Amino acid sequence: MGRKEIQETEMLSAEVEQDMANLFQALSNPTRIKILYLLKQQSLTVTEISNRLEVSQSAVSHQLRELKLARLVRNQKQGREMIYRLDDDHVHQIFHMAIEHVKEIYNYE
């Protein structure tokens, strides 16, 4: 029996590939994962994130900048404070699915 003909498949554009790589790169830092996990639960200020993670405010601000560039978080000024939250429902879903995937493949819980 001969080899079946390989069907041509559609590929992502170079721009989408690069943006996907940037997204996964943004998710590859443990501190950013902790920040996203906190923001998945509630909106917080830099000070609140810093206190909960016991990390300097400048380190948190740097990581939030990276997350904003990846469009994973957004901020909104409330009075004199900047409140951070996950960008949209897609980010909640991506993050939730990643957690569930890791728990399942490594038999957590």
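For the structure, check the block above.
These lines cover the structure that appears in this document, whether it is placed above or below. Bear in mind that the values here come from a model prediction, so they are computed numbers and not experimental data.

What follows deals with the packing of aromatic side chains. Counted under the stated rule, the structure contains two aromatic pairs. Seen in terms of ring centroids, Tyr 37 and Phe 95 are 6.4 Å apart; in terms of plane orientation they differ by 50 degrees. Their pairing is tilted. Of the two residues, Tyr 37 sits in helix α2 (residues 30-41) while Phe 95 sits in helix α5 (residues 89-105), which places them 58 residues apart along the sequence.

Turning our attention to the layout of surface pockets. Space inside the largest pocket adds up to approximately 320 Å³. The wall of the largest pocket is formed by 15 residues, among which Asp 19, Asn 22, Leu 23, Leu 69 and Ala 70 lie closest to the centre. Secondary structure elements with two or more residues in the lining of the largest pocket: α1 (14-26), α4 (57-69) and α5. At seven residues, the largest contribution of residues to the lining of the largest pocket is made by α1. The residue makeup of the lining of the largest pocket, split by class, is nine nonpolar, two polar and four charged. In this model, the second largest pocket occupies a volume close to 180 Å³. Lining the second largest pocket are Leu 27, Ile 33, Ile 94, Phe 95, Ala 98, Ile 99, Val 102 and Lys 103. It is α5 that contributes the most residues to the lining of the second largest pocket, six residues altogether. Split into classes, the residues belonging to the lining of the second largest pocket amount to seven nonpolar, no polar and one charged.

Criteria and cut-off values
- Residues numbered from 1 in each chain as written.
- Predicted model: local features only at pLDDT ≥ 70, side-chain atom pairs only at ≥ 80, totals over all residues.
- Heavy atoms only, no water.
- Phe/Tyr/Trp six-rings, centres within 6.5 Å; stacked < 30°, edge-to-face > 60°.
- Helix = DSSP H or I, 4+ residues; strand = E, 2+ residues; numbered from the N terminus.
- 1 Å grid on protein atoms, 1.4 Å probe; cavity = no way out; pocket = protein on both sides within 12 Å on 5 of 7 lines; lining within 4 Å.
- Points joined across faces, edges and corners; volume = space filled by probe spheres on them.
- Nonpolar A, V, L, I, M, F, W, Y, C, P; charged D, E, K, R; others polar.

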